[in-house]
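Given next are the chains, with one letter for each unit.
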Amino acid sequence: MKPELWRRVEELCQKALDLNESQRAEFLHSACGNDDELRLEVEGLLAHGKKAEQFMESPALELAGKILAKQAPSESWKKLIGSTFSHYR
């Protein structure tokens, strides 16, 4: 991607993030005009940003604890007690 295009994509992405989600499509239509490449790049960044927001919504240990608490203990779990995985015990 050309540096000029990247700067424009970054600028529009930042401006779009300052808007409500309902306003973004109209903003991008106005700001990008007929430049489909520019609009698609900005929309792609916004979509990835949305996914990243929810990446660590709850702490991993909390989630793992809830999952383990729902599972009934079995004989195979007893074999794991005291085991080492990588540098974890």
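Structure: see above.
Quick notes on the rules
- All residue numbers here refer to positions counted from 1 along the written sequence of the relevant chain.
- Where totals are concerned, whole chains, interfaces and linings use all residues; where local detail is concerned, this predicted model gives features only for residues with pLDDT of at least 70, and gives and counts side-chain atom pairs only at 80 or more.
- Excluded from the side-chain calculations are hydrogens and water; all other atoms, namely the structure's heavy atoms, are used.
- Strands are runs of DSSP state E lasting at least two residues, helices are runs of H or I lasting at least four, and both sets are numbered from the N terminus onward.
- We call two residues in contact whenever any of their non-hydrogen atoms come within 4.5 Å of each other.
- Here the open area of atoms and residues is found with the Shrake-Rupley method and a 1.4 Å probe, where only the protein chains shown may cover a residue.
- Only protein chains enter the calculation, and the probe is 1.4 Å; a residue is then buried if its accessible area is under 20% of its type maximum, exposed if over 50%, and partly exposed in between.
- Helix span, expected: 1.5 Å multiplied by one less than the number of residues in the helix.
- The reported arc concerns the directions from the helix axis to the C-beta atoms and nothing else.

1. Structural notes on the overall build of the protein chain
Here is step 1: Within the protein chain, the secondary structure is distributed over five helices and zero strands.
Here is step 2: Helices and strands appear in the protein chain in the N-to-C order α-α-α-α-α.
Here is step 3: A sequence separation of at least 24 residues applies to 45% of the contacts in the protein chain between residues at least 6 apart.
Here is step 4: On the protein chain, roughly 7,700 Å² of surface is accessible, and the fraction owed to carbon and sulfur atoms is 56%.

2. So, the environment of Ala25
Here is step 1: In this fold, Ala25 is placed in helix H2 (residues 21-32).
Here is step 2: With a relative accessible area of 58%, Ala25 lands in the exposed category.
Here is step 3: In the structure, Ala25 is positioned 18 residues away from Glu43 in sequence and 8.9 Å away in space, judged by C-alpha atoms.

3. A look at helix H1 (residues 3-17)
In an α-helix, one turn spans 3.6 residues, which is why side chains three or four residues apart end up on the same side.
Here is step 1: In this model, H1 (15 residues) spans 21 Å end to end at C-alpha, consistent with the 21 Å of a helix rising 1.5 Å per residue.
Here is step 2: Of all the positions in H1, only Leu5, Val9, Leu12, Cys13 and Ala16 are classed as buried. One face of H1 carries all of its buried residues, which in axial projection span an arc of 105 degrees.

4. Here's the deal with H2
Here is step 1: Here H2 spans 17 Å end to end across 12 residues, near enough to the 16 Å set by a 1.5 Å rise per residue.
Here is step 2: The complete set of buried residues in H2 reads Arg24, Leu28 and Cys32. End-on, the buried residues of H2 take up no more than an arc of 25 degrees, which puts them together on one face. Turned more than 90 degrees away from the buried face of H2 sit Ser22, Glu26, His29 and Ser30, all of them exposed.
Here is step 3: Following H2 by one or two positions, Gly33 has its phi on the positive side, about 60 degrees.

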